Amino acid sequence: MIKTNAVRALDWLGIKYELREYDVDPGDLSAETVAAKIGLPPEQVFKTLAVHGDRNGICLAVISANQELNFKALANQTGNRKIDMVPLKEVQALTGYIRGGVTALAGKKDYPVYIDESAT
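A brief structural summary. (Residues numbered from 1 in each chain as written. Predicted model: local features only at pLDDT ≥ 70, side-chain atom pairs only at ≥ 80, totals over all residues. Heavy atoms only, no water.)

1. What to know about the nonpolar core
Note the threshold: Buried Ala, Val, Leu, Ile, Met, Phe, Trp, Tyr and Cys residues form a nonpolar core when they are joined through side-chain atoms within 4.5 Å. Here the term buried applies to any residue with accessible area under 20% of the maximum for its type, exposed to any over 50%, and partly exposed to those in between, with areas from a 1.4 Å probe on protein chains only. Runs of H or I in DSSP of at least four residues are treated as helices and runs of E of at least two as strands, each being numbered from the N terminus. Only heavy atoms enter the contact rule, under which two residues are in contact if any of them lie within 4.5 Å.
Leu-49, Val-51, Cys-59, Ala-61, Ile-63, Leu-69, Leu-74, Ala-75 and Ile-83 together form the largest nonpolar core, which totals nine residues. For this core, the secondary-structure elements that each account for two or more residues are β1 (46-53), β2 (57-64) and α3 (71-78). No other element matches the three residues that β2 contributes to this core. Those residues within four positions of Val-51 in sequence are excluded, and the remaining contacts are Gly-57, Ile-58, Cys-59, Leu-69, Leu-74, Ile-83, Asp-84, Met-85 and Val-86.

2. Section: the sheet that holds β2
Heads up, the rule is: A pair of strands is labelled paired if DSSP reports no fewer than 2 bridges between them. Lines fitted to the C-alpha atoms define the axes, with helices restricted to the stretch that makes contact. Angles between their N-to-C directions range from 0 to 180 degrees.
Ordered by their spatial adjacency, four strands build an open sheet running β3-β1-β2-β4, and the pairing between neighbours is mixed. Since the sheet does not close on itself, it has two edges, and those belong to β3 (83-85) and β4 (113-115), each with one partner. Strand-to-strand, the axes of this sheet are offset by a mean angle of 35 degrees, without reference to chain direction. Across eight bridges, β1 lies against β2 in antiparallel orientation. Looking at β2, one finds that Leu-49 is bridged to Ala-61. Each of β1, β2, β3 and β4 touches α3; the most contacted strand, β3, lies at about 120 degrees to it.

3. As for the environment of Ile-98
As for its placement among the helices and strands, Ile-98 is situated in the loop between α4 (88-95) and β4. For the pair Ile-98 and Leu-88, spaced 10 residues apart in sequence, the C-alpha to C-alpha distance is 8.9 Å.

4. Observations regarding the packing of aromatic side chains
The condition that has to hold: Stacked, tilted and edge-to-face pairs are distinguished by plane angle, under 30 degrees for stacked and over 60 for edge-to-face with tilted covering the rest, among Phe, Tyr and Trp rings (Trp via its six-membered ring) whose centres lie within 6.5 Å. A ring has a charge above it when a Lys NZ or an Arg CZ is no more than 6 Å from the ring centre and no more than 35 degrees off the ring normal.
Per the counting criterion, the structure on display carries zero aromatic pairs. One residue, Lys-108, lies across the ring of Tyr-97, its end atom 4.9 Å from the ring centre.

5. Details of the pairing of β2
Among the eight residues in β2, eight count as buried, and that is most of the element. Count of turn residues in the β1/β2 antiparallel hairpin: three residues. In the sheet, β2 pairs with β4 via three bridges, with the strands oriented parallel. Note that in β4 the partner of Val-62 across the bridge is Ile-115.

Here is the structure:
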């Protein structure tokens, strides 16, 4: 398995982790499907969403697989009036990752990251 920047960062920090492999279905990249494939409950699997605020630009939101993003709450947290999802056609150019592969940990681009408190 090829190590990602996130895995390298965890190694460097001495943080224990477990990698889980699964077959990727390009037609269904939902975090809930991934959770089922790796045998974890959806509340323990997190997805990273690229969003754009009207005042402060791009940021990343990390929420559990079974949640939907609360745009109003995120706008409030980020100092924006409005937050929208980054259009899929722009995700790779903005983040350096393809849909389904965006990460908030040791990403290729340095964006503010907002993680749902359930991750604790």
